[in-house]
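Reading the structure
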Amino acid sequence: MIKNLIRSLLITIFVSTFSFAEIVKEIKVEGNKRISKATINVIGKIKLNEDYNNDNLNNILKNLYNSNFFADVNVNLENGILKINVIENPIIEDIVIEGLTNPKFVESIKERIVLKSRMSFTENQLQNDITLIDNIMKSMGFYFASIQPSILKNDELNSVQLKLIIDQGDKAKIKKISFIGDKKIKDKKLLEAIASEEHKFWKFISNKVYLNKNTIELDKRLLKNYYKNMGYYKVNIIDSFAEFSNKGDFNLIFNIDSGDKFFFNDLKLNIPPDYNDSDFKGVYKIFDQIKNEKYSLDDLNLILKEIDKIASIRLYDFIDAEVDESIVDKNKINFTFNIVDSKKFYVERINILGNYQTIEEVIRNRLIVDEGDPLNSLLYNKSLDNIRGLRIFKRVKGEINDGSENNLKVVNITVEEQPTGEISLAAGVGTTGTIIGGGINEKNFMGKGINLNTNLEVSEEAIKGKFVYSKPNFAYTDNTLFTSLEATTTDYLSDYGYKVKKSGFSIGTEFEQYENLFFSPDISISLENLETDSTASTQLKKQEGNYQDFYFNYGLNYDLRNSSYNPSSGNKSSFYQELPVISDNQEIANTYIFTQYKELNETAGMIGKASLYLKAINSLGNDDVRVSKRGQVPYNRLRGFERGKIGPVSNNDYIGGNYVSSLNLSTNLPAIFSSVDNIDFSYFIDVANVWGVDYDSSIDDGSTIRSSTGIGMNLLTPIGPLSFSLSQPITKTSSDKTETFRFNLGTTF
């Protein structure tokens, strides 16, 4: 009985299904004006002399609707004739975007929306594009933007003119940035690590004070890298969110779970048997240096960088590095670097996309892998990092596709442009005077990767201005070419009877001569005028006049710090020499600076710093060193004394000396007010001296060492960062002018 029932049901279903099937012998299309019958057949995937049932007819409807060409579609199959009645969507004659002043921004939006001129118009797609534009505006910081569409229809032509009226509104300002969760690091230091800034009334120029989705994502990456470099291997930036306040701005909050500190444990390198182990001695050297040290992302990248270098120098073209990590003893990490042979592909072509402003040469100059080269994944990723390192693109994305042959690949590199100019103003206030300055910086002038930097500084006795032009990879040499113009006026007529005006020009280059050793030669030409009055000293009156100098200068920098930002270990050595080629006085200057960093207390994050500064200025002939070139102790290297108010004195003027030296010892004090996020304390000892007067040995003043000790404080206040020091001179002379308090209040906006 049951079997018969099932059989009857199946027969009924089979018969009913095919009772609606019919062979299409003819196709009739009505209502179409712009879309041809042939095009409709292709879109609907309709074929003559085939059976069509209800499911097939529904598929035709879906295909035609999904094309967005039609507002309405009706399909009917009867007596072998398939009738299709359509009402076409209007075509877009033109799309106009109003309300935005930047034409490049307008073009960018037009490229990203789906609706285009000469396309079919649908209300649904219009709403999708409005949502997309709204998200774009929010990513630029315009959270209060509104987009109003205006549609002008022409029924006769079945067309529309579309206008999108965008009211940007005010940019969303960041009132406060907070860090919550198990963060372990003070807010003050975290604020220094991210790109976003809190809005203040004087920061009317900076774009960093506006809420921006892209910048927030960058902040999260910066925070994660910062924590990992501090040893927090398992750090998690749980989320970030913005709270809208009743004052019309936002509070930006980052929720952080730092986890525990981790340390490098065993580090191993596995290489293929046919590779030479001695080629990788640089990797083993790094292993020895970082074993048992706290985990650092920079150290890990240093190992991969060394492997990159070996791959390019030793011609291991087809290699890849796989890194295995395992945690042992709760807070130690074993790393195994497996060097493996990768598949042998070659680069057929590299396409650069998205660079509507930057010329292609700037990007290609950063590539390590070029067309025709073996496709080495390590060097390919390094090439992308080099492009990101230009810091002129918002995003850099690489994609590898199949080429014209099996062993060839096509590389597509897509960049997204971003604004690269910045205007800054700064104000510094101290107990011995006030300095106001500002500048304009452009990182990608004319899209050629050129850096332009201008600065102006005004104090009570001096005005200084400088313009610097810098061109990376000049003439495809991997060297940076820089040139500068500067002018300085120092007016001491009312105090000491003299005034110095100086203007100059220099041109030079900088490059990495050896690993971590940078060489920077340049030549400079300057014109100087020394003016005196009756109150000037006899020696100054002898120097009155005009001077012309042509110098060859160079610098050597050897940088072994674990990080250029907030280093905790390592050292940096710098040597600078100024050699006269043609000069009225033939002065030669030598400067040496050595700075050592050491972690004194790993748990508390206590970092010690020792810095040595030595300088000597002498004349190669019988002339005395000019007053403008005499040495002074840099202001930040001798606290407890007024700026330039120590050393030899002539006519009540502190004239400086032929020799300068200083030793600075300092450490941060993380245990003091450790629970207060916006304040840091430090302890310092400064020792310095200025001596040597070539024209009068009686005022040499070389026997007395100046020294001081004190406490420093860095405080993040609502009106800007405040640095404050309380100093006590230990040794001095009666002519020295001391100061107990020193503070510097400044900001950049």
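Residues numbered from 1 in each chain as written. Predicted model: local features only at pLDDT ≥ 70, side-chain atom pairs only at ≥ 80, totals over all residues. Heavy atoms only, no water.

Phi angles above zero are rare outside glycine, and Lys184 is one such case at about 65°. For Lys184, the position within the fold is in the loop between strand S9 (174-182) and helix H6 (187-193). (Helix = DSSP H or I, 4+ residues; strand = E, 2+ residues; numbered from the N terminus.)

A few words now on the pattern of salt bridges. Applying the stated criterion to the full structure yields 26 salt bridges. Residue Lys186 pairs with Asp680 through a salt bridge whose shortest N-O separation is 3.7 Å. Of this pair, Lys186 sits in the loop between S9 and H6 while Asp680 sits in strand S32 (residues 679-691), and the two are 494 residues apart along the sequence. Assigned by exposure class, Lys186 and Asp680 land together as buried. Here Lys291 ties to Asp266 by a salt bridge, and the two come within 2.9 Å at their closest N and O atoms. Of this pair, Lys291 sits in the loop between helix H8 (281-290) and helix H9 (297-313) while Asp266 sits in strand S12 (residues 263-270), and the two are 25 residues apart along the sequence. Residues joined by salt bridges that share partners form a network here, namely Lys186, Lys188, Lys189, Glu192 and Asp680. (Salt bridge = Lys/Arg side-chain N within 4 Å of Asp/Glu carboxyl O. Buried < 20%, exposed > 50% of the residue type's maximum accessible area, 1.4 Å probe, protein only.)

Here we come to the sheet that holds S9. The strands making up a sheet associate through hydrogen bonds between their backbones, and the pairing can be parallel or antiparallel. Read from one edge of the open sheet, three strands run S9-S11-S10, paired in mixed fashion. Edge positions in the open sheet fall to S9 and strand S10 (236-244), since each of these has one partner strand only. Between one strand axis and the next, the sheet turns by 15° as a mean value, whatever way the strands run. As paired strands, S9 and strand S11 (residues 250-257) are joined by eight bridges and run parallel to one another. Looking at S11, one finds that Phe179 is bridged to Phe254. (Pairing = 2+ DSSP bridges. Axes fitted to C-alpha atoms, helices over the stretch in contact; angles between N-to-C directions.)

This part covers the sheet that holds strand S4 (residues 70-78). Here three strands make up an open sheet; going across it, the order is S2-S5-S4 and the pairing mixed. Unpaired on one side and paired on the other, strand S2 (26-30) and S4 mark the two borders of the sheet. Looking at each pair of strands side by side, their axes are set apart by 15° on average, direction ignored. Bridging between S4 and strand S5 (residues 81-88) involves eight bridges; their strand directions are antiparallel. Bridge assignment links Phe70 to a residue of S5, and that residue is Glu88. Along the sheet face, helix H2 (residues 37-44) touches S2, S4 and S5 and points at about 110° away from the line of S2. (Contact = heavy atoms within 4.5 Å.)

Mapped onto the elements, Asp219 comes out in helix H7 (residues 213-229). Here Asp219 sits buried without a salt bridge, and the closest side chain of opposite charge, Arg221, lies 8.7 Å off (N-O distance). Apart from the residues lying within four places of it in its own chain, the contact partners of Asp219 are Ile194, Ala195, Ser196 and Phe254. (Lys, Arg positive; Asp, Glu negative; His and termini not counted.)

What follows covers the pairing of strand S7 (residues 146-154). Where S7 meets strand S8 (residues 159-167), nine bridges bridge the pair, whose relative direction is antiparallel. Across the sheet, residue Lys153 finds its bridge partner in S8, namely Val160. Connecting S7 to the next strand, S8, in antiparallel fashion are four residues, including Asn158 with a positive phi near 50°.

Considering the arrangement of structural elements, one finds Val410 in strand S17 (residues 408-417). Placed 138 residues apart in sequence, Val410 and Pro272 show a C-alpha to C-alpha distance of 28 Å. With residues near it in sequence (within four places) discarded, Val410 still touches Glu348, Arg349, Asn351, Glu399, Ile400, Asn401, Asp402 and Gly403.

Turning our attention to H8. What H8 keeps buried is the set Val283, Ile286, Phe287 and Ile290. The arc that holds every buried residue of H8, seen down its axis, measures 105°, which confines them to one face. The outward face of H8, more than 90 degrees from its buried face, is lined by the exposed residues Lys281, Lys285 and Asp288. Positive phi shows up at Asn292, right after H8, with a value of about 70°. (Arc of directions from axis to C-beta.)

On the surface, Glu460, Glu461, Asp491, Asp495, Glu531 and Glu544 cluster together into a negatively charged patch. With respect to the helices, strands and loops of the structure, Asp491 is situated in strand S22 (residues 480-492). (Patch = residues over 30% accessible without salt bridge, like charges linked within 9 Å, V, L, I, M, F, W, Y side chains within 5 Å. Areas by Shrake-Rupley, 256 points an atom, 1.4 Å probe, with all protein chains shown as cover. Charge placed at Lys NZ, Arg CZ, Asp CG, Glu CD.)

Below, the discussion takes up a nonpolar patch on the surface. A contiguous nonpolar surface patch, about 740 Å² in accessible area, is contributed by Phe467, Leu485, Phe505, Ile507, Ile523, Ile525, Phe552, Val581 and Ile582. Put simply, the parts of the chain that give the nonpolar patch at least two residues each are strand S23 (498-514), strand S24 (517-532) and strand S26 (570-583). Checked against the element boundaries, Phe505 lands in strand S23.

Time to look at the confidence of the model for the chain. Mean pLDDT over the chain works out to 84, with 91% of the residues at or above the 70 mark. Confidence drops under pLDDT 50 across residues 1-19; counting only partners more than four residues distant or on other chains, this segment forms zero contacts. (pLDDT = per-residue confidence, 0-100.)

Another aspect to go through is helix H4 (residues 103-112). Listed in full, the buried residues belonging to H4 are Phe105, Val106 and Ile109. Down the axis of H4, the buried side of the element spans an arc of 100°, and every buried residue falls inside it. Facing away from the buried surface of H4 by more than 90 degrees, the exposed residues are Pro103 and Glu111. Where H4 is buried, its residues touch strand S6 (91-98), helix H5 (123-139) and S8.

Proteins that are soluble and globular tend to have nonpolar side chains buried together. In terms of nonpolar packing, the biggest core is built from 25 residues, with Leu267, Val283, Tyr295, Ile303, Phe335, Phe337 and Ile339 touching the most fellow members. Elements supplying a minimum of two residues to this core: S12, H8, H9, strand S13 (319-328) and strand S14 (332-341). Take this core: its biggest share by element is six residues, from H9. Val283 has contacts with Leu269, Ile303, Glu306, Ile307 and Ile310, leaving out every residue within four places of it along the chain. One finds Val106, Ile109, Phe121 and Ile133 within the second-largest nonpolar core, a separate group that totals 22 residues. (Core = buried A, V, L, I, M, F, W, Y, C linked by side-chain atoms within 4.5 Å.)

Once that is clear, we can look at the packing of H4 against H5. Interaxial distance between H4 and H5 falls to 10 Å at its minimum, and their mutual angle equals 140°. In terms of orientation, H4 and H5 fall into the oblique class. In this structure, H4 meets H5 at a crossing whose hand is right-handed. Taken together, the residues of H5 that come into contact with H4 (itself represented by Phe105, Ile109 and Arg112) are Leu132, Ile133, Ile136 and Met137. Residues of the contact of H4 with H5, tallied by class, amount to six nonpolar, no polar and one charged. (Parallel < 35°, antiparallel > 145°, perpendicular 65-115°, else oblique. Left-handed = near helix turned anticlockwise from the far one by under 90°. Nonpolar A, V, L, I, M, F, W, Y, C, P; charged D, E, K, R; others polar.)

Before going further, it helps to examine the packing of aromatic side chains. With the rule as written, the count across this model stands at 21 aromatic pairs. When the ring of Phe179 is compared with that of Phe254, the centres are 5.6 Å apart and the planes differ by 15°; the resulting orientation is stacked. Taken together, the residues span a long stretch of sequence, with Phe179 in strand S9 and Phe254 in strand S11 at a distance of 75 residues. Judged by centre distance (5.5 Å) and plane angle (55°), the rings of Tyr233 and Phe262 are tilted. Of the two residues, Tyr233 is situated in the loop between H7 and S10 and Phe262 in the loop between S11 and S12; the sequence distance between them amounts to 29 residues. (Phe/Tyr/Trp six-rings, centres within 6.5 Å; stacked < 30°, edge-to-face > 60°.)

What follows concerns the packing of H2 against helix H3 (residues 54-66). Closest axis-to-axis distance for the H2/H3 pair is 8 Å, and the angle between their directions is 115°. Taken as axis vectors, H2 and H3 run roughly perpendicular relative to one another. For the pair H2 and H3, the crossing hand works out as right-handed. Each of Ile40, Ile43 and Gly44 in H2 lies in contact with H3, whose residues at this interface are Ile60, Asn63 and Leu64. Broken down by class, the residue content of the contact of H2 with H3 amounts to four nonpolar, two polar and no charged.

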